[in-house]
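Analysis of the macromolecular model
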Amino acid sequence: MDNSPTTLFDSYEQDFRQTIESARARLDGDTRDERGEQRKAALRRADMELEEADEMVSQMEIEIQGIPQSIKPQYQTRLRAAKADLTRYKKLSKDLHSQFSRTELLASPGRVGTPTSDQPYGSTSDRTRLLAGTATLEDGTRRLQESQRIALETEDQGAEILMNLRAQREQIENARDTLHTADTSIDRAAGTLKKMIRRMKQQRVVTAAIIIVLVLLIAIIIYEKLFG
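Residues numbered from 1 in each chain as written. Predicted model: local features only at pLDDT ≥ 70, side-chain atom pairs only at ≥ 80, totals over all residues. Heavy atoms only, no water.

Looking at the overall build of the chain
Applied cut-off: Counting from the N terminus, the helices are DSSP H or I runs at least four residues long and the strands are E runs at least two residues long. Contact criterion: two residues are considered in contact whenever any of their non-hydrogen atoms come within 4.5 Å of each other.
Counting its secondary structure elements, the chain contains four helices and zero strands. A separation of at least 24 residues holds for 72% of the contacts in the chain among residues at least 6 apart in sequence.

Take a look at the structure:
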């Protein structure tokens, strides 16, 4: 198994490219040629793929935090390119949705009357439906933008939490290294003390031997003087 710090990033990027290419094919090809429910279904599938691509970009943002600084700039460039592609196709999807909504509204079977010089946009009911549809579309757009803003804030918070966790992990690893160094120092000190104790014992044995020899010499000298 490849344990390279860039493995997951590369995998998410590959999946992102495949997903964004599928969404691009739907937006640039399928939805322009299809009509009615088929076009609506194609747009829905493209939106689902764009959501999947968005999640992959979020995973890439997380994984890039663990890439070494020496090679991180090139991966940051690839991440920015992925974000730019995602933004471009999201805008294209939004434009196609707006175009489709206007087309459906204008082609509604309940539309009566034809434009005249007095009523260039058709009957009053047509204008009312058009305004209502435009208001609904604008409201949906605002909600989508708000959801995107919340998602971006959540991503930023998640990235910040991840960075804090990495910093805490580094602190724990540093503390573990310090404890290991302290253990090594204690072992060395214990070894030194054992050597000192062993030398003291040896010195005691030597001192006792010298004393015994001196006592014997004194005894011999006294014996020679008394009985010699």
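Some words on the side chain of Thr-19
Definition in use: The buried label applies to any residue whose accessible area, calculated with a 1.4 Å probe on protein chains only, is under 20% of its type's maximum; exposed applies above 50%, and partly exposed to all values in between.
By the element assignment, Thr-19 lies in helix α1 (residues 7-33). According to the relative accessible area criterion, Thr-19 is buried, its value standing at 10%. Setting aside its immediate chain neighbours within four residues, Thr-19 contacts Glu-49, Glu-52, Ala-53 and Met-56.

Points about the environment of Leu-96
Structurally, the position occupied by Leu-96 is in helix α3 (residues 72-106). For Leu-96, a relative accessible area of 3% gives the class buried.

Digging into the pattern of salt bridges
Just so we agree on the cut-off: What makes a salt bridge here is a side-chain nitrogen of Lys or Arg within 4 Å of a carboxyl oxygen of Asp or Glu, nothing more.
For the structure on display, the rule yields nine salt bridges. Among the ionic pairs, Glu-49 bridges to Arg-26, the shortest N-O distance being 3.3 Å. Of this pair, Glu-49 sits in helix α2 (residues 36-63) while Arg-26 sits in helix α1, and the two are 23 residues apart along the sequence. Across this residue pair, the class does not change: Glu-49 and Arg-26 are buried.

Structural notes on the confidence of the model for the chain
To be explicit about the condition: Per-residue confidence from the prediction method is given by pLDDT, with values spanning 0 to 100.
Summing up the model confidence of the chain, the mean pLDDT is 81 and the portion of residues at 70 or higher is 85%. When pLDDT is averaged over each helix and strand of the chain, the minimum, 80, is found for helix α4 (residues 124-227) and the maximum, 90, for α2. In the predicted structure, residues 110-119 sits below a pLDDT of 50 and forms 14 contacts with residues beyond four places in sequence or in another chain.

Observations regarding the side chain of Asp-85
Stated formally: Between N or O atoms, a polar contact is any pair within 3.5 Å; within protein, one atom must be a potential hydrogen donor and the other a potential acceptor, and residues adjacent in sequence are included only when both atoms are from side chains.
Here Asp-85 is to be found in helix α3. Among the residues examined, Asp-85 registers a relative accessible area of 15% and is labelled buried. At 2.8 Å, the side chain of Asp-85 forms a polar contact with the side chain of Arg-88. With residues up to four places along the chain from it excluded, the contact list for Asp-85 reads Phe-16 and Arg-17.

Observations concerning a nonpolar patch on the surface
Test applied: Patch members must show over 30% relative accessible area and no salt bridge, and they are joined within 9 Å when carrying like charges or within 5 Å when they are nonpolar side chains of Val, Leu, Ile, Met, Phe, Trp or Tyr. Areas reported as accessible are Shrake-Rupley estimates using a 1.4 Å probe. Residue values count occlusion only from the protein chains shown.
A cluster of nonpolar residues, Val-206, Ile-210, Ile-212, Val-213, Leu-214, Leu-216, Leu-217, Ile-220 and Ile-221, forms a patch on the protein surface that exposes about 830 Å² of accessible area. Turning to its location among the elements, Ile-220 is positioned in helix α4. Classification of Ile-220 by relative accessible area gives partly exposed; the value is 48%.

Brief notes about the packing of aromatic side chains
What counts is decided by this rule: Pairing of aromatic side chains requires ring centres within 6.5 Å, counting the rings of Phe and Tyr and the six-membered ring of Trp. Pairs whose planes differ by under 30 degrees are stacked, by over 60 edge-to-face, and all others tilted. A positively charged side chain is recorded as over a ring if its NZ (Lys) or CZ (Arg) lies within 6 Å of the ring centre. The angle to the ring normal must also be within 35 degrees.
Tallied over the full model, the rule gives two aromatic pairs. Measuring from ring centre to ring centre gives 5.0 Å for Tyr-223 and Phe-227, while their planes differ by 40 degrees; the resulting arrangement is tilted. Taken together, the residues Tyr-223 and Phe-227, both in helix α4 and four residues apart, mark about one turn of the helix. Among the residues examined, Tyr-223 registers a relative accessible area of 51% and is labelled exposed. Looking at Phe-227, the relative accessible area reads 59%, which means it is exposed. Over the face of the ring belonging to Tyr-89 we find Arg-88, whose NZ or CZ atom lies 5.0 Å from the ring centre.

Quick notes on the layout of surface pockets
Rules: Only protein atoms enter the 1 Å grid used here, on which a cavity is any set of points holding a 1.4 Å probe that cannot leave and a pocket is any open set flanked by protein within 12 Å on both sides along at least five of seven lines; residues with an atom within 4 Å of a point are listed as lining. Grid points are joined across faces, edges and corners, and a volume is the space filled by probe spheres set on the points. Only Asp, Glu, Lys and Arg are considered charged, only Ala, Val, Leu, Ile, Met, Phe, Trp, Tyr, Cys and Pro nonpolar, and every remaining residue, Gly among them, polar.
One number sums up the size of the largest pocket: a volume of about 1,200 Å³. Every residue lining the largest pocket is counted, 38 residues in all, and those nearest its centre are Lys-90, Ser-93, Lys-94, Leu-144 and Gln-148. Those elements that place two or more of their residues in the lining of the largest pocket are α2, α3 and α4. By residue class, the composition of the lining of the largest pocket is 11 nonpolar, 14 polar and 13 charged. Considering only enclosed or pocket space, the second largest pocket measures out at about 280 Å³ in volume. Lining of the second largest pocket is provided by 15 residues; of these, Ser-58, Glu-61, Ile-62, Gln-65 and Ala-159 occupy positions nearest its centre. Those elements that place two or more of their residues in the lining of the second largest pocket are α2, α3 and α4. Here the lining of the second largest pocket gets six residues from one element, more than from any other, and that element is α4. A breakdown of the residues in the lining of the second largest pocket according to their chemical character gives five nonpolar, five polar and five charged.

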